[in-house]
Amino acid sequence: MKSLCYVTLGGSVVYQLIYIKKDFTGYYDQVLQPISQKINPEWAHKIGVSAIKYGFFPPQTYKDPEVLKTKLLNFDLSNPLGVAAGFDKHGDAVIGLRDLGFSIVEIGSVTPVPQSGNPKPRVFRLPEDKAVINRYGFNSEGHEEVYKKIQNIDKAVFDKGLLGINLGKNKLSDNAVEDYTLGIKKFSDVADYFVVNISSPNTPGLRSLQKKEDLQQLLTEINKVMESTKTEKKIPLLLKLSPDLTEEEMKDIVSVITKKQSKVDGLIISNTTIDRTGLVNQEFSAESGGLSGKPLTNKSTEMIKKIYKMTKGKIPIIGVGGIFTGQDAYEKILAGASAVQVYTAFIYHGPPVVTKIKTELAELLESNGYKSVNEAVGKGVK
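Residues numbered from 1 in each chain as written. Predicted model: local features only at pLDDT ≥ 70, side-chain atom pairs only at ≥ 80, totals over all residues. Heavy atoms only, no water.

(A) Here's a closer look at the nonpolar core. Counting residues in hydrophobic clusters, the biggest one holds 111 residues, and the most contacted among them are Tyr180, Phe187, Phe194, Leu239, Leu267 and Phe346. Per-element accounting of this core gives the leading share, 7 residues, to helix H13 (residues 352-367). Each residue touching Leu267, except ones within four places of it in the same chain, is listed here: Leu238, Leu239, Leu241, Ile257, Ile307, Ile315, Pro316, Ile317 and Ile318. Core analysis: the next-biggest nonpolar cluster, separate from the first, contains 6 residues, Ala131, Ile133, Leu279 and Leu291 among them. (Core = buried A, V, L, I, M, F, W, Y, C linked by side-chain atoms within 4.5 Å. Buried < 20%, exposed > 50% of the residue type's maximum accessible area, 1.4 Å probe, protein only. Helix = DSSP H or I, 4+ residues; strand = E, 2+ residues; numbered from the N terminus. Contact = heavy atoms within 4.5 Å.)

(B) Just the sheet that holds strand E11 (residues 290-293), in detail. Ordered in space as E5-E6-E11, the 3 strands form an open sheet in which the pairing is antiparallel. Looking at strand neighbours, the two that pair on one side only are strand E5 (123-126) and E11, the edges of this open sheet. Neighbour to neighbour, the strand axes of the sheet diverge by 20 degrees on average, direction disregarded. Here E5 runs beside strand E6 (residues 131-134); their pairing, made up of 4 bridges, is antiparallel. Counted as the bridge partner of Phe124 is Ile133 from E6. (Pairing = 2+ DSSP bridges. Axes fitted to C-alpha atoms, helices over the stretch in contact; angles between N-to-C directions.)

(C) Local environment of the environment of Val83. Relative to the assigned elements, Val83 resides in strand E3 (residues 81-83). On the basis of relative accessible area, Val83 is assigned to the buried category, the value being 2%. Along the chain, Val83 and Val123 lie 40 residues apart, while their C-alpha atoms are 18 Å from each other. Those residues in contact with Val83, other than ones at most four positions away along the chain, are Leu97, Phe102, Ile104, Val105, Glu106, Gln341 and Val342.

(D) Summary view of the pairing of E5. The side-chain alternation of E5 yields two buried faces, one formed by Val123 and Arg125 and the other by Phe124 and Leu126. Where E5 hands over to E6, the hairpin turn is made up of 4 residues, of which Lys130 adopts a positive phi near 50 degrees.

(E) Spotlight on the environment of Gly96. Inspection of the secondary structure puts Gly96 in helix H4 (residues 94-99). For Gly96, a relative accessible area of 13% puts it in the buried group. Separated by 22 residues in sequence, Gly96 and Asn74 place their C-alpha atoms 24 Å apart.

(F) Seen up close, the sheet that holds strand E9 (residues 237-241). Within the closed barrel, the 8 strands sit side by side as E3-E4-E7-E8-E9-E10-E12-E13. Their pairing is parallel. Direction aside, the axes of adjacent strands within the sheet are offset by 25 degrees on average. One ladder, built from 6 bridges, connects strand E4 (residues 104-110) with strand E7 (residues 162-167); its direction is parallel. Across the sheet, Gly108 pairs through a bridge with Asn166, a residue of E7.

The quantities given are spatial measurements derived from coordinates; they are silent on function.
As structure tokens, this is what we get:
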């Protein structure tokens, strides 16, 4: 009887492995995705990161076509798709995410010293809205621990992907400048680009750093540190913005980031929103925190378009917010984004969504006569 149990169990495992290899997308959609949606959202997130870290999911077999080639921050990428900060907060699954087909892997936000973040529960699914509300609050293992994990990443294995380090400030810190500059110093030998995250709604007072005077002071000091930090090559500095800014606030930010002493090399538009307009889900819609996913699609695309016009297309933009399809990505590129990142679509649809978005985007670019992503950037802005 015992032997029969072992044989049955072994046969079941072998069958699952064959199924995964033969039709991973079908297996994920029919088996893994329904299971993951029944698990506590934060636990599902942790399990997903671990599965990617240990290679449970097969690497992509899709070969990026020529039309998906893009140039971002002087880097040549085989495709414009990245995973946004917030998914791999602690740098656990960098190589695994690259293997799934992302050309940009952004980790963090990382704070100088470890902090646990906000009390649980702090993540909520809104499936009717294809959305997630989170109020993690920069839960981070801290600079030292994250650095240990990524310091020896073999760039050859990373295969021309970009590693972005998204920097945050500690909740109890009263010196934002020091928190961000400590991150610059710590990760300068491993980062392909840095992101200054001052737009999360889950750390008290953080968004006030987007105000003109505060932003000018912060970016001026960060630029001084970056200039004094010796690296083989100049590391681009990006700023991540809130989608809840008014047009006047956007203009103020543009006036700061276009000055030499407080300049940035790129923008990430956008972070999560505190707006709850039009949500169908009533169970969690009143929860505090940042809303991501489909409700943010048009809001972030319109903001990209506005900032692209304000900067006359001179500052590269990475578009984030509600990208579930190739069409969503294409619209952000037409609005002015040189690359795009996903988060919520990855939470809901897992690794298969990476190839899906790239395939659909390639078809749209080709059918509209574009030979590369860069040719389409900003073409929808009038």
